[in-house]
Amino acid sequence: MIQHLLPSGLAAPYLVSEWIIRIVMLFFVPTRRTPQAAQAWLLLIFFLPIPGAILYAAIGRPRFPGWRTERFHRLAPFFSEVASRLRAAGAAAEGDEAAALAGRLGALAATQGNAIEFLADYDETIARIVEDVDAAQESIRILIYIFADDETGQQVIDALCRAAARGVACHVLIDAFGSHRWSRHVLKKLNEGGVEARKALPFRLVHRRTRNDMRNHRKLVVIDGRIGYAGSQNIVDKSFRPGIVNRELVARLTGPIVAEMDAVIVGDWYLETEQMLPTAPVPAPAGEALLQLLPSGADYPLEGFETLLVWQLHRAERRVIVTTPYFVPDQDVLGAMRTAVARGIEVDLVVSKIADQKLVSLAQHSYFVDLLHAGVTIWRFPDFLLHAKHVSIDGKLAILGSSNVDLRSFQLNDEVSLLLFDAESIGRLEAIQRASIEQSDRLTPEQWQTRSRIQKLLEGIARLVSPLL
């Protein structure tokens, strides 16, 4: 214990201060976190009162500081105006109850008249983005978690600089944490090339204080206000982590939905700069897809993606397929999945056998026993890191986007999800999911019980700290 290392005159006050912290935080922490997160924080503070209290003061509350909350509230008229323009253009659709809930959660409505193309080839997606950037005439806006200046990133940087040189207004927002390895060089190259590039959520201790664990995890590209890309892919080499190759899924979109994508980027740009970018007219109809954008994050009063997912799990009638690289759920998601299986619903969870984050992987594994016992079918995708994130439910709703099924995506990250409501679009996504399942290995309870006691112990420890990840 630390007090034994202190001079005799300081040991008693130190011990008293530890107990004061324990008692005070016992009343303070549960009022500001979910029960699961509160338990993890209180456990840490009980064993390490002073370091735990300092850490909690730095990152314990899943909310942005007051100045940012006020700035976000100022955007409400802007999103109302976007909704009005969609209605005036005849693009807004009534949708079903899921669309209505998503609209209340994220302030954006279902839109009709869209076209969607699924891109599962990593390099092809980058090539298509570069092609569209090279054809841009008015504006290019990119909001991305990881933007590197490696070979892949340099292709996009060069294309953006070419666009800026011919007079296209280019704006790029990269997450300060996700892109920290490359941000200095990326921003320098972009700004020198005439592209306006900024960090999202930069860490500051004094003026307009922020938190280093809050991240903008969204991945959106909008070109000329007419073409959009949404999904899970970053702008970085697919093998940027040694020995790991990423598999992704991205939607290339045209039609009115692009106006909602543009609105999310404009809103995030304003949150960082207090500058409102001009908005393009609502794009003309381009297809038959019925789509909706659901932004979520700590700015919003409810966990948008999680709220919609849990509700849909409870309403499912036949089959649910969840594909996610990181599965560290809370009790609401676990309970909804178990209840769905108990009601006779087929629930498939597709995860990656390859792990790029050891602690997260251990925490994820700790949930497999409960899921297998409940009757959830777990599929492990081999050889690649299946980084794609998507859900399908009964052929009535599909979700594709940046959000993982984990506590960080639910509570701390800014995320964005694309909701699909038309049967044709959902069917194409389901075909991609079935192909992933066919390539995956089914995990059985018997197989999972063979892992070592040390492995089980490490998983249990990781599960205890998972609310802090």
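We now turn to the structure provided with this report. Quantities reported herein were computed from a predicted structural model and do not represent experimental measurements.

### Description of the overall build of the protein
Of the regular secondary structure elements, the protein holds 18 helices and 19 strands. In the protein, buried positions account for 57% of the 469 residues. Within the protein, counting contacts between residues at least 6 apart in sequence, those at least 24 apart form 80% of the total. For the protein, the computed accessible surface area is about 19,700 Å², with 58% contributed by carbon and sulfur atoms.

### Quick notes on the pairing of strand β6 (residues 227–231)
By the criterion of burial, β6 is predominantly enclosed, with five of the five residues buried. Here β6 shows a buried face lined by Ile227, Tyr229 and Gly231 and a second buried face lined by Gly228 and Ala230. Bridge count between strand β5 (residues 220–223) and β6: four bridges; the pairing is antiparallel. Looking at the pairing, Val221 lines up with Tyr229 of β6. Linking β5 back to β6 in an antiparallel pair, the connection comprises three residues, with Asp224 at a positive phi of about 60°.

### Points about the nonpolar core
Ranked by size, the top nonpolar core spans 51 residues in total, and within it Leu371 and Ile378 carry the most contacts. Looking at which element gives the most residues to this core, the answer is helix α12 (residues 331–342), with six residues. Among residues more than four places away in sequence, those in contact with Ile378 are Leu349, Val351, Phe368, Leu371, Leu372, Asp441, Arg442 and Leu443. Listed in part, the 50 residues of the second largest apolar core include Phe118, Val222, Trp379 and Leu429.

### Quick word on the environment of Ser452
Here Ser452 lies in the loop between α17 (445–448) and α18 (453–465). Here the side chain of Ser452 touches Gln455 through a polar contact of 3.1 Å, landing on its backbone nitrogen.

### Quick notes on the packing of aromatic side chains
For the coordinates displayed, the defined rule picks out five aromatic pairs. With centroids separated by 5.0 Å and ring planes inclined at 70°, the aromatic side chains of Phe72 and Tyr300 adopt a geometry described as edge-to-face. Separated by 228 residues along the polypeptide, Phe72 in helix α4 (residues 66–73) and Tyr300 in the loop between β9 (289–296) and α11 (304–315) bring together distant segments of the chain. Each member of the pair Phe72 and Tyr300 is classed as buried. For the pair Phe368 and Trp448, a centre-to-centre distance of 5.2 Å together with 55° between the ring planes defines the contact as tilted.

### Thoughts on α4
Considered for burial, the residues of α4 that qualify are Trp67, Arg68, Arg71 and Phe72. End-on view of α4: buried residues confined to an arc of 135°, all on one side of the axis. Looking at α4, the residues exposed on the side facing more than 90 degrees away from the buried face are Gly66 and His73. The inward-facing, buried residues of α4 abut α5 (76–88) and α10 (257–273).

### Focus on the packing of α5 against α10
Packing of α5 against α10 brings their axes to within 11 Å, and their N-to-C directions diverge by 165°. When the interaxial angle is binned, α5 and α10 end up roughly antiparallel. By crossing handedness, the relation of α5 to α10 is classed as right-handed. Together, Phe78, Phe79, Val82 and Leu86 of α5 and Ala259, Glu260, Ala263, Val264, Val266 and Gly267 of α10 make up the contact between the two elements. Grouping the constituent residues of the contact of α5 with α10 by class yields eight nonpolar, one polar and one charged.

### Structural notes on the side chain of Lys219
Topologically, Lys219 is positioned in the loop between β4 (196–200) and β5. The side chain of Lys219 is buried and forms no salt bridge, while Glu415, the nearest opposite charge, is found at 5.3 Å. Only 2.8 Å separates the side chain of Lys219 from the backbone oxygen of His217, close enough to count as a polar contact. Ignoring anything within four residues of it in the chain, the contact list for Lys219 reads Leu143, Ile144, Tyr145, Tyr229, Ala230, Gly231, Ser232, Gln233, Asn234, Ser402 and Val416.

### Some details on helix α9 (residues 183–192)
Buried within α9 are the following residues: Ser183, Val186, Leu187 and Leu190. An end-on view of α9 places all buried positions within 95° of arc, on one side of the element. Exposed residues on α9 whose side chains face more than 90 degrees from its buried face are Arg184 and Glu192. Positive backbone phi, approximately 90°, marks Gly194, located one or two places after α9.

Definitions and cut-offs
Residues numbered from 1 in each chain as written. Predicted model: local features only at pLDDT ≥ 70, side-chain atom pairs only at ≥ 80, totals over all residues. Heavy atoms only, no water. Helix = DSSP H or I, 4+ residues; strand = E, 2+ residues; numbered from the N terminus. Buried < 20%, exposed > 50% of the residue type's maximum accessible area, 1.4 Å probe, protein only. Contact = heavy atoms within 4.5 Å. Areas by Shrake-Rupley, 256 points an atom, 1.4 Å probe, with all protein chains shown as cover. Pairing = 2+ DSSP bridges. Core = buried A, V, L, I, M, F, W, Y, C linked by side-chain atoms within 4.5 Å. Polar contact = N/O pair within 3.5 Å; in protein donor to acceptor, adjacent residues only side chain to side chain. Phe/Tyr/Trp six-rings, centres within 6.5 Å; stacked < 30°, edge-to-face > 60°. Arc of directions from axis to C-beta. Axes fitted to C-alpha atoms, helices over the stretch in contact; angles between N-to-C directions. Parallel < 35°, antiparallel > 145°, perpendicular 65-115°, else oblique. Left-handed = near helix turned anticlockwise from the far one by under 90°. Nonpolar A, V, L, I, M, F, W, Y, C, P; charged D, E, K, R; others polar. Lys, Arg positive; Asp, Glu negative; His and termini not counted. Salt bridge = Lys/Arg side-chain N within 4 Å of Asp/Glu carboxyl O.

Everything listed here is a matter of coordinates, which is why it stays silent on function.
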